[in-house]
Amino acid sequence: MSEKILKDIAGNRSAMLVARPSMEGISKWSKVWTAYDNKDLLEVWRLLAASENHDTPSWNFDCVNIPRQCMENAFGRMNKSMLEAYKAGDAVKVDSLCAMMSEILDDVDRLVASDSYFLLGKWIGDARSFGVDDAEEDYYERDARNIITTWGGRDQKLNDYANRTYAGLVADYYKPRWEIYFKAIRESLENGTPVNEEALLEAMLDYEWDWVGRTGRYPSSPSGNPAALCRDLYQKWSRVIEIF
């Protein structure tokens, strides 16, 4: 890790999984590029999955955080390949990669749900705890949702600036936003017409702003075994990640 992964600062960036999708495959805060080879991080994941389970808070955190980052890195590269397939008119490959990316979103949400650090329910619950009545609790919840997503209004330049790979946020915010994008790309290929990028953006903006205004409960306690998920997801995704 120290020699190959932690050798350089990441800069002001995050993985594509938590970014608003675009036909350029990049966003203001998220890039496909990393300062290290993701295969080196995959090797760290392999060693972690094969080692003895220590069941300590720091150990469990690593069992979640290392696979999470490795899968997020691969996700961005899958999206880049999917866009290349789209430009080539390869609908079969587009469908395959969209399905794969959707499955990674599900697995990342399931993985991060196993550690309390990554829980949207805790983030919202802590915010609501400052309220003295229902109206004030709802106000603080909206603010908490806003900070980690739109950062202000419906179409702010700082959207996703404070992104988080939180359980619940991946499933209920990032994944539906990606599904809007996947649908537009598939329909473009089916109809033989370019993606209406303005309409696509408006659809995503509508979803984002609607989500900010919701109220709802998410688990505030972790579920699942981090070490077991680390092992199982390595077995599931390692060969795929080697390709990307």
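1. Some points on the pattern of salt bridges
Charged atoms that come close allow side chains of opposite charge to pair.
Then step 1. In the structure shown here, the tally under the stated rule is 21 salt bridges.
Then step 2. Between E208 and R20 there is a salt bridge, and its shortest N-O distance comes to 2.8 Å. Taken as a pair, E208 in helix α7 (residues 197-212) and R20 in the segment before α1 (38-50) lie far apart in primary sequence, 188 residues in all. Comparing E208 with R20, the two get one shared label, buried.
Then step 3. A salt bridge links K236 to D107, with the shortest nitrogen-to-oxygen separation between them at 2.7 Å. Of the two residues, K236 sits in helix α8 (residues 226-243) while D107 sits in helix α3 (residues 91-112), which places them 129 residues apart along the sequence.
Then step 4. On the basis of relative accessibility, which here comes to 36%, the residue K236 falls in the partly exposed class.
Then step 5. With relative accessibility at 5%, the residue D107 sits in the buried group.

2. Brief notes about unusual backbone geometry
Then step 1. You will see that D55, though not glycine, has its phi angle at about 50°, which is positive.
Then step 2. Here D55 is to be found in the loop between α1 and α2 (57-87).
Then step 3. Its relative accessible area of 56% is what places D55 among the exposed residues.
Then step 4. Phi at W151 is positive, roughly 55°, even though this residue is not glycine.
Then step 5. Along the chain, the position of W151 falls in the loop between α5 (134-147) and α6 (169-191).

3. Description of the nonpolar core
Then step 1. Core analysis: the largest hydrophobic core is formed by 69 residues, its most contacted members being W45, M71, M78, Y181 and I185.
Then step 2. Sequence-distant contacts of M78, defined by excluding residues within four places in its chain, comprise L97, M100, M101, I104, W237, V240 and F244.

4. Description of α5
Then step 1. Taking 1.5 Å of rise per residue, the 14 residues of α5 would be expected to cover 20 Å, and the 20 Å separating its terminal C-alpha atoms lies within 8% of that figure.
Then step 2. For α5, the full list of buried residues reads E141, A144, R145 and N146.
Then step 3. On its buried face, α5 is in contact with α4 (120-128) and α7.
Then step 4. The N-cap of α5, judged by a side-chain oxygen 3.3 Å from the amide nitrogen of A135 a few residues on, is D133.

5. Things to note about the packing of α1 against α2
Then step 1. In the contact formed by α1 and α2, the axes pass within 10 Å of each other and the chain directions differ by 150°. For the element pair α1 / α2, the angle class is roughly antiparallel. Every pair of crossing elements has a handedness; the one defined by α1 and α2 is left-handed. Of α2, the residues touching α1 (which contributes N38, L41, L42, V44, W45 and L48) are W59, D62, C63, I66, P67, Q69, C70, M71, N73, A74 and R77.
Then step 2. Classifying every residue of the contact of α1 with α2 by side-chain character gives 12 nonpolar, three polar and two charged.

Quick notes on the rules
Residues numbered from 1 in each chain as written. Predicted model: local features only at pLDDT ≥ 70, side-chain atom pairs only at ≥ 80, totals over all residues. Heavy atoms only, no water. Salt bridge = Lys/Arg side-chain N within 4 Å of Asp/Glu carboxyl O. Helix = DSSP H or I, 4+ residues; strand = E, 2+ residues; numbered from the N terminus. Buried < 20%, exposed > 50% of the residue type's maximum accessible area, 1.4 Å probe, protein only. Core = buried A, V, L, I, M, F, W, Y, C linked by side-chain atoms within 4.5 Å. Contact = heavy atoms within 4.5 Å. Expected span 1.5 Å × (residues − 1). Polar contact = N/O pair within 3.5 Å; in protein donor to acceptor, adjacent residues only side chain to side chain. Axes fitted to C-alpha atoms, helices over the stretch in contact; angles between N-to-C directions. Parallel < 35°, antiparallel > 145°, perpendicular 65-115°, else oblique. Left-handed = near helix turned anticlockwise from the far one by under 90°. Nonpolar A, V, L, I, M, F, W, Y, C, P; charged D, E, K, R; others polar.

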